Amino acid sequence: MTPDFEALRREFPLLEHKTYLNSGSYCALANDVKAAFESYLEDRLAIGANWDVWVMKNEAVRAGVATLFRVDPDEIAVTASASAGLNALASAFDFKGRRNKVVVSDFEFPTQAQIWHAQEQRGAKVVHAPPAQDGYIPLEHFDELIDETTAIVAITHVCYRNGAKLDIKGVAELAHQKGAKVLLDCYQSVGTETLDLRALDVDFAIGGMLKYLLGTAGIGFLYVRGSLVLDLHPTNSGWFAQENIVAMDITANRPSPTARRFEAGTPAVVNCYASEAGLKIINDIGTDEIGNRVRYLTGRCMDRLAEIGWPAITPRDDARRGPLIAVPSSDAKGLAEMFMERGIVTSYRDGNLRAGFHYYNNDADIETFVGAMRENQARFQR
Ligand SMILES: Cc1ncc(COP(=O)(O)O)c(C=O)c1O
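Residues numbered from 1 in each chain as written. Predicted model: local features only at pLDDT ≥ 70, side-chain atom pairs only at ≥ 80, totals over all residues. Heavy atoms only, no water.

1. Overview of the packing of aromatic side chains
Inspection of every chain in the model, using the stated rule, returns 15 aromatic pairs. For the pair F5 and Y359, a centre-to-centre distance of 6.1 Å together with 45° between the ring planes defines the contact as tilted. Here Y359 lies in the loop between strand 12 (352-356) and helix 12 (363-375) and F5 lies in helix 1 (residues 5-9), a separation of 354 residues in the sequence. Summarising the burial analysis for this pair, F5 and Y359 share the class buried. Ring centres 6.0 Å apart and planes at 45° place the aromatic pair W51 and F240 in the tilted group. Placement of the pair is W51 in helix 3 (residues 51-69) and F240 in the loop between strand 8 (220-224) and helix 9 (269-285), with a sequence separation of 189 residues. Taking the relative accessible area as the measure of exposure, W51 reaches 37% and is therefore partly exposed. By relative accessible area, which is 5% here, F240 ends up buried. Three or more aromatic residues joined by ring pairs form one cluster here, namely F5, F12, Y359 and Y360. The side chain of K211 reaches across the aromatic face of Y187, ending 4.9 Å from its centre. (Phe/Tyr/Trp six-rings, centres within 6.5 Å; stacked < 30°, edge-to-face > 60°. Helix = DSSP H or I, 4+ residues; strand = E, 2+ residues; numbered from the N terminus. Buried < 20%, exposed > 50% of the residue type's maximum accessible area, 1.4 Å probe, protein only. Lys NZ or Arg CZ within 6 Å of the ring centre and 35° of its normal.)

2. Some details on helix 12
Given 3.6 residues per helical turn, the α-helix brings residues three or four places apart onto the same face. Its 13 residues place the ends of helix 12 18 Å apart at the C-alpha level, agreeing with the 18 Å of an ideal helix rising 1.5 Å per residue. Of the residues flanking the start of helix 12, the one acting as N-cap is N362, its side-chain oxygen 3.2 Å from the backbone nitrogen of A364. (Expected span 1.5 Å × (residues − 1). Polar contact = N/O pair within 3.5 Å; in protein donor to acceptor, adjacent residues only side chain to side chain.)

3. Concerning the site of the ligand
Taken together, S81, A82, S83, F109, T111, D185, Y187, Q188 and K211 make up the full set of residues adjacent to the ligand. Residue Q188 places a side-chain N or O atom 2.9 Å away from an oxygen atom belonging to the ligand. Protein contacts shield 83% of the accessible area of the ligand, which totals 390 Å² for the unbound molecule. Across the shell around the ligand, the residue classes break down as 3 nonpolar, 4 polar and 2 charged. (Near = heavy atom within 4 Å. Areas by Shrake-Rupley, 256 points an atom, 1.4 Å probe, with all protein chains shown as cover. Nonpolar A, V, L, I, M, F, W, Y, C, P; charged D, E, K, R; others polar.)

4. Remarks on the pattern of salt bridges
Working definition: two side chains of opposite charge can pair if their charged atoms are close together. Counted by the stated rule, this structure contains 22 salt bridges. In this structure, R62 and E59 form a salt bridge, with 2.8 Å as the shortest nitrogen-oxygen distance. Highlighted residues: R62 and E59, both in helix 3, separated by 3 residues, approximately one helical turn. Across the salt bridge formed by D249 and R254, the nearest N and O atoms sit 2.3 Å from each other. Its relative accessible area of 31% is what places D249 among the partly exposed residues. Shared partners join several salt bridges into a network, and the residues in it are R300, R304, E307 and E367. (Salt bridge = Lys/Arg side-chain N within 4 Å of Asp/Glu carboxyl O.)

5. A few points about a nonpolar patch on the surface
On the surface, a cluster of nonpolar side chains totalling about 490 Å² of accessible area is made up of W51, V55, W239, V246 and M248. Relative to the elements of secondary structure, V246 occurs in the loop between strand 8 and helix 9. Overall, the relative accessible area of 55% leaves V246 in the exposed class. (Patch = residues over 30% accessible without salt bridge, like charges linked within 9 Å, V, L, I, M, F, W, Y side chains within 5 Å.)

6. A look at the environment of H117
In this fold, H117 is placed in helix 5 (residues 110-118). The partly exposed category is assigned to H117, whose relative accessible area is 28%. The sequence separation of H117 and K18 amounts to 99 residues, and the corresponding C-alpha distance is 40 Å. In this structure H117 touches V126 and H128, once residues within four positions along its chain are discounted. (Contact = heavy atoms within 4.5 Å.)

Here's what the structure looks like:
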């Protein structure tokens, strides 16, 4: 049965007075997540430092992420950010041998490209797959770059600038044929569709909790394919990465046999409370249902924008589109600021106005947004 999305929407008080289309930056706050933040403070007041509960909350996040991706909790590291997971992973790669090439795409969020470029001082050679004339990056552009010297292909799922979704399974196949690994940055899609990491056949994945996972900033995850964990030895480490966290042994580094070896220090406890609650909401509704809803909303919004003669640059094909729609503007910043004053929350990047949709958006949001676009079309269209 299709969930009652209008009832689910009422769990977000912000949506009573805002047209909120900014979930690609930061989600709206759900009542359950607010209650989780409050229960953290109550626990602090009642008990003080409650180590057992803290550990439990961190493990609940690990389990929630594993459920989301249909993988094992031992394959998930709970990290301080997507960047932190990526740094730990990159530190476990050795670029001194022949396999020293890193293939990234021109759709990457800066942190992904920057961290791999930072590995150049350790011997990595970073190359970029560019878009074709139509603005999309076809499989052939990856095929031209991936070869027997490629260590890893590190790609985004949905581009944060234009909302285009790459063919991850296709890239994974090309990479694996040449013996390279694949890292998926799914921060702009996770929580808005089913991401079965085994079916996608990626080796690693990074992301975080503050966008479509309904959680908060300061917490992320790294997925590491179970069969690869023991062969990877991160130098970016810490006491929470050890096999026995409480051993307090200062004579050696003994990494956990699970993906926890990619963690570092004390978890962000309050962020674990919030993220556990956010993950529960997403897992309870189900990513298949959320995916259908988000595809409908983004498709409908794109069709309405095309009707008024101000089309988005995001691909219309369902398979090539995530939850974000990007619309070119002569002054995207000015337009977003004007919308903000009217209670329509969007964002902008690269000369595009961005509207990020989640299951809690509805047709009325689309009509408010498209109506406001039409009113400002003469001045802001590019
Ligand atoms: C696609 C993508 N990757 C990575 C990041 C960076 O995540 P973090 O700040 O947790 O390192 C973002 C943040 O907006 C993002 O959109």
